[in-house]
Amino acid sequence: MSHYEKKLERQEIFEGRVIHVVKDKVELENGNTSSREVVYHHGGACIAALTDADELYLVRQFRYPFLEELWELPAGKLEKGEDPFAAAKRELGEECGLTADRFTDLGVFYPTVGYCSEKIYTWVATGLHSCEMHLDPDEFLTPVKVPFQKALDMVLSGEIKDGKTVAAILKISVLRAAGKAL
């Protein structure tokens, strides 16, 4: 048997450039009702760029909701209908000044399943080449090459807190342990 919830009513709360917020009244499987606050988001694309020397490009970026600078993989939000792979390649160029010969799909990551529709599509980029870095006018970050093992240690110690970055680094580590080529 599949679990389900049936939408009964919707209240529009906010429509912005990045998110759309609603409050739904739903019927549960047992016939009771409950409310669901949902943030709709177009999603994002994330890319883990690995050098031939087994270094990973991370970026240091201030994140206002946490009032701190975080370690992250290069990533960006998708515009409505935008191709995630094209966005990932764009972000690699914008944030790190890189292009790549090869890309390996790491799949889709749902960062906040309890209240948000955001999906983050992830790839590994190898065979890296330099190009012109061109940040958005309101974007301030610093790209840093970190040995992959150090990045993994940063995840395990809690120094890297960003969910998409944690998920991608752990997935790469597991794929390598299983003998998969990236």
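Cut-off values and rules
- Counting of residues starts from 1 at the beginning of each chain's written sequence and follows it residue by residue.
- In keeping with the model being predicted, local features are shown solely for residues with a pLDDT of at least 70 and side-chain atom pairs are shown and tallied solely at 80 or more, while totals for entire chains, interfaces and linings include all residues.
- As a rule here, side-chain values cover all heavy atoms of the structure and leave hydrogens and water aside.
- We call a residue buried when its accessible area falls under 20% of the maximum for its residue type, exposed when it is over 50%, and partly exposed in between, using a 1.4 Å probe and counting protein chains only.
- Going along the chain from the N terminus, every DSSP run of H or I of four or more residues is numbered as a helix, and every run of E of two or more is numbered as a strand.
- We define the nonpolar core as a collection of buried residues of types Ala, Val, Leu, Ile, Met, Phe, Trp, Tyr and Cys that are connected through side-chain atoms lying within 4.5 Å of one another.
- Contacts are assigned to residue pairs with any non-hydrogen atoms lying within 4.5 Å of each other.
- Pairs of strands are assigned from DSSP output, requiring at least two bridges between the strands.
- All axes are obtained by fitting lines to C-alpha atoms, using only the stretch in contact for helices, and the reported angles, taken between N-to-C directions, cover 0 to 180 degrees.

(A) Seen up close, unusual backbone geometry. With a phi close to 60 degrees, Asp54 is a non-glycine residue in the positive phi region. Residue Asp54 is classed as partly exposed on the basis of its relative accessible area of 30%. For Leu67, which is not glycine, the phi dihedral falls at a positive 50 degrees. Structurally, the position occupied by Leu67 is in the loop between β5 (55-63) and β6 (68-72). You can call Leu67 exposed: its relative accessible area is 59%.

(B) Quick look at the nonpolar core. Core analysis: the biggest nonpolar cluster contains 21 residues, and Leu56, Leu58, Leu73, Phe148, Ile160, Ile169 and Ile172 have the highest contact counts within it. No other element matches the 5 residues that helix α2 (residues 148-157) contributes to this core. Here Ile172 is in contact with Ala48, Leu50, Leu106, Val124, Phe148 and Leu182, once residues within four sequence places are set aside.

(C) Representation of the sheet that holds β5 within the structure. What the 3 strands build is an open sheet, ordered β6-β5-β10; its pairing is antiparallel. A strand with exactly one partner marks an edge of an open sheet, and here the two such strands are β6 and β10 (141-147). Pairwise comparison of adjacent strand axes, ignoring direction, gives a mean angle of 30 degrees for this sheet. Examined bridge by bridge, β5 and β10 share 7 bridges and lie antiparallel to one another.

(D) How the structure looks around the sheet that holds strand β8 (residues 98-109). Within the open sheet, the 4 strands sit side by side as β7-β4-β9-β8. Their pairing is mixed. Of all strands in the sheet, those with a lone pairing partner are β7 (75-77) and β8, marking the two edges. Between one strand axis and the next, the sheet turns by 20 degrees as a mean value, whatever way the strands run. Summarising the sheet, strand β4 (residues 44-49) and strand β9 (residues 120-130) pair through 6 bridges and their orientation is parallel. In the sheet register, Ile47 faces β9, and the bridge partner there is Trp123. In the packing of helix α1 (residues 84-96) onto the sheet, the strands contacted are β4, β7, β8 and β9, and the crossing angle to β8 comes to about 130 degrees.

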